Structures are given as C-alpha cells and as structure tokens.
Amino acid sequence: MARILPLEKALAPAIDLIEAGHVVAIPTETVYGLAADATNGEAVTRIFEVKGRPRFNPLIVHVCDIGMARRIAVFDDVAERLAKHYWPGPLTLVLPLRDDHPIHPLVTAGLETVAIRMPQGFGQVLIEKLGRPLAAPSANSSGRISPTSAQAVADDLGGKIELIADGGRTDVGVESTIIKASEGEVRLLRPGGITAEEIADLLGATVVRGGSGKAVEAPGMLASHYAPDAKVRLDATMLHDGEALMAFGPHRIDNADRALAMLNLSPQGDLREAAANLYAHMRALDRSGSATIAVEPIPAGGLGEAVRDRLARAAAPRDAGTLIPE
Ligand code: TXA
Ligand code: MG
C-alpha cells in the first residue's frame, strides 16, 4: 500500500521516486495528480498503466515557471497574457510544441500540440527541485471520479503506487480550465476552475465552446468520465424510490425526505463551494449504496459550467468511446 505522508515529509522521497522513473500522487489546487517525469518514456508509461488510461488521450505537462514552459511550447500574445495572469493556477493552455522540446511523445499522444499548466504550491516546488517538467493526469483510475483528498487517491490507486503526498482537501475541486488559442480563436476545450466569462473579459475576446471537431483535441471528452458506480440522474425535480439526493442551494425538491442519503453541494447555493464539494459528495453518496444519485438542478453560469460538465459525464452511458456531442 502507498505511504501517505504530509507535504514536508513527502518532498524528499517524491524527488527520489520521480528521478528513478516512478509515479507519485501529489496535491494541486484543482485535484490530486499522478505525477511522473514528462521527459522519461518509461515513467510516462507507468502513468498510463496505473490509471488504465487509453494512450490516445494525452496528458497535461506541469511546469514551475514560464521559462520552463517556453522551452516546451510556442507562446503567442494571447498565451503570454493568459499565462501571466493566471499562472500559477487552474488554467491549462494547449500550445504548439517547439521543435526542440524535451517532452516524451507518449505524453502528447503524438499530437503537435501540448497541454501545459503551472500548479500552485507543492507541485510547483517539486518541479523546481527536480528541474524538469512533470506529466500529471488526475490521480484516479481512467473514467472514475477525480480525487480531492489523499484518502480518495489511496482508496482508488493505493495498491498500485508507493507514495501519496497529503496536502489535505484541494481548494478548487474540479480540474483546470483548458484553453486552446490559435489562429485568432480562443477555444474552451474543458470548463474548469477559471470561468470562460472571466477569460473572455480579460482578453476582450469571444471564447468558443468545444474543440474544432478534429482528432482527440477534445480533452476528457470521452462521454463517460468522472463516473461513480451508481447511476447519476440530472436535473431531478422529484425523487424515485431508492435514490440518494445530491442537493444544491437552500430549497429542496418536493419529496426530498424519501432520499436514502442526502448531501448538499452548497446550502447557500454558492457554485465555488459546490465545485469544491462535488467529487467528495459523489464518492460519499456512491458509498451509501443507492442505485441512483439524483442531482438537483445546478445553474449554468460561471463555475456552474464546470460542475454541470462533470455531472453530465458522470451521468453519460458507460460505454467508453462515445463522445458528448458539442
Ligand atoms: O486540474 C488538472 O488539470 C489536473 C491536475 C492534476 O493538474 N489534471 C488533469 O489531467 O485533469 P487529465 O489528464 O485528467 O486531463 C487532461 C486533459 C485530457 O482530457 C486530455 O485529453 C487533454 O487534457 N489534453 C492533453 N493534451 C492535449 C492536447 N495537446 N490537446 C488537447 N487536449 C489535450
Ligand atoms: Mg482526469
């Protein structure tokens, strides 16, 4: 079983393990990541093995500063502005790879672009000490719920990895926002911790939803994703027998008292709090043993876009490979 160590004790062994080509689970401000040396093919292979992740789905490269990012990818004006404003933080940029980049091709699944972000806190320090970029997907089995605590990582992957750095519960609770800016167009490939409205305001530009429809430019776009064992039913207006309830806000649906178990994403109806609670509540309601988790309606604006996106994927039919239509 993996050792779970507090951050100050985890740093030295994490460096040793990663230098030896192993994977380590680390906290970031969004969710826990499964980190390995992005320049080492064997190490990157281990990430795919531990997660059971399809190899056509590329990984995010994490850097400690913009200098490291510029040695990997080509930054245009828009990318520079976004990085300066949001890094370190929950924003991932999809950018053209440089010809002389050091990233192993397995990380990018052979694409000519790379997804890069600069995490805050422990991840940033770790990368600085290592002096090289880390590839890190969320630290969960492929298709399952992303972990927002060290214990959630241990429950899912504890038997397959050696070390989990424990930074407590993550702040944001959903994955980073993924933006692709090219040819004068800003595309939102995955809604996340920073809202599309905020980015549109900063740039004074329109943010287009979804990829261009080519290849797996669509990130985490396999329809079934972030899925608990229970079925998930969205926009519930009443409860059926045997359902658990994921509530939102101060007002309950009519027959809420029938719920086998109930948790509220945010009693005050605050979307930031709802995002932070989403995965932990989904895991807890799944453990209640109900066959279905019914979810009260979540408003669409701001962080609601990321919360609704993750819920839609949790509710999607479970035959992996179908894409959520854009
Ligand atoms: O918050 C996060 O972003 C977390 C933490 C650990 O950093 N990481 C994360 O990684 O969510 P992952 O691997 O679970 O999701 C990365 C997504 C994938 O869905 C992948 O398709 C997309 O990024 N992606 C990676 N490279 C890409 C590229 N070149 N073009 C388009 N999408 C890409
Ligand atoms: Mg993931």
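Up top you'll find the structure we're talking about.
Residues numbered from 1 in each chain as written. Chains lettered and ligands numbered in written order. Predicted model: local features only at pLDDT ≥ 70, side-chain atom pairs only at ≥ 80, totals over all residues. Heavy atoms only, no water.

Asker: Explanation requested: the overall build of the protein chain in the structure shown.
Answerer: For the protein chain, the helix and strand inventory stands at ten helices and 15 strands. Taken over C-alpha atoms, the radius of gyration comes to 19 Å for the protein chain, in line with the 20 Å a tight globule of 326 residues would show. Each principal axis of the C-alpha distribution contributes one length, and for the protein chain these read about 60 × 50 × 35 Å. The buried share among the 326 residues of the protein chain stands at 57%. Summing over all exposed atoms, the protein chain offers an accessible surface of approximately 13500 Å²; the carbon and sulfur share of this is 52%. Within the protein chain, one finds 33 positive and 41 negative side-chain charges whose respective centroids are separated by 2 Å. (Helix = DSSP H or I, 4+ residues; strand = E, 2+ residues; numbered from the N terminus. Rg over C-alpha atoms; globule rule 2.2 N^0.38 Å. Buried < 20%, exposed > 50% of the residue type's maximum accessible area, 1.4 Å probe, protein only. Areas by Shrake-Rupley, 256 points an atom, 1.4 Å probe, with all protein chains shown as cover. Lys, Arg positive; Asp, Glu negative; His and termini not counted. Charge placed at Lys NZ, Arg CZ, Asp CG, Glu CD.)

Asker: Quick question: what am I supposed to make of the nonpolar core here?
Answerer: Nonpolar side chains in soluble globular proteins tend to be buried together. Counting residues in each nonpolar core, the largest one holds 69 residues, and the members touching the most others are Leu93 and Leu126. It is helix α1 (residues 7-19) that contributes the most residues to this core, six residues altogether. With sequence-adjacent residues up to four places away left out, Leu93 is seen in contact with Phe75, Ala79, Leu82, Ala83, Trp87, Val114, Ala115, Ile116 and Ile179. (Core = buried A, V, L, I, M, F, W, Y, C linked by side-chain atoms within 4.5 Å. Contact = heavy atoms within 4.5 Å.)

Asker: What am I meant to see in the side chain of Thr108 here?
Answerer: For Thr108, the location among the structural elements is in helix α5 (residues 105-108). Accessibility expressed as a relative area gives 4% for Thr108, which makes it buried. Non-local contacts of Thr108, meaning those with residues more than four positions away in its chain, are made with Pro58, Leu97, Ile103, Thr113 and Val114.

Asker: For this particular structure, what's the right way to read the packing of α1 against helix α6 (residues 122-130)?
Answerer: For the pair α1 and α6, the least separation of the axes is 10 Å and the interaxial angle reads 45 degrees. As the angle between them shows, α1 and α6 are arranged oblique. Here α1 and α6 pass one another in a crossing that is right-handed. Contact residues: Leu7, Ala10, Leu11, Ala14, Ile15, Ile18 and Glu19 in α1; Phe122, Val125, Leu126, Lys129 and Leu130 in α6. For the contact of α1 with α6, the residue count by class is ten nonpolar, no polar and two charged. (Axes fitted to C-alpha atoms, helices over the stretch in contact; angles between N-to-C directions. Parallel < 35°, antiparallel > 145°, perpendicular 65-115°, else oblique. Left-handed = near helix turned anticlockwise from the far one by under 90°. Nonpolar A, V, L, I, M, F, W, Y, C, P; charged D, E, K, R; others polar.)

Asker: Hey, could you run me through unusual backbone geometry in this one?
Answerer: When glycine is set aside, most residues are seen to have a negative phi, and most peptide bonds are trans. The omega torsion of the bond from Trp87 to Pro88 falls at -10 degrees, within 30 degrees of zero and hence cis. Locating Pro88 in the fold gives a position in the loop between α4 (77-86) and β5 (91-96). The phi torsion at Glu183 lies on the positive side, around 50 degrees, for a residue other than glycine. Considering the arrangement of structural elements, one finds Glu183 in the loop between β9 (177-182) and β10 (185-190). With relative accessibility at 82%, the residue Glu183 sits in the exposed group. One non-glycine residue, Asp235, lies in the positive phi region at around 50 degrees. With respect to the helices and strands, the residue Asp235 is situated in the loop between β12 (231-233) and β13 (243-247).

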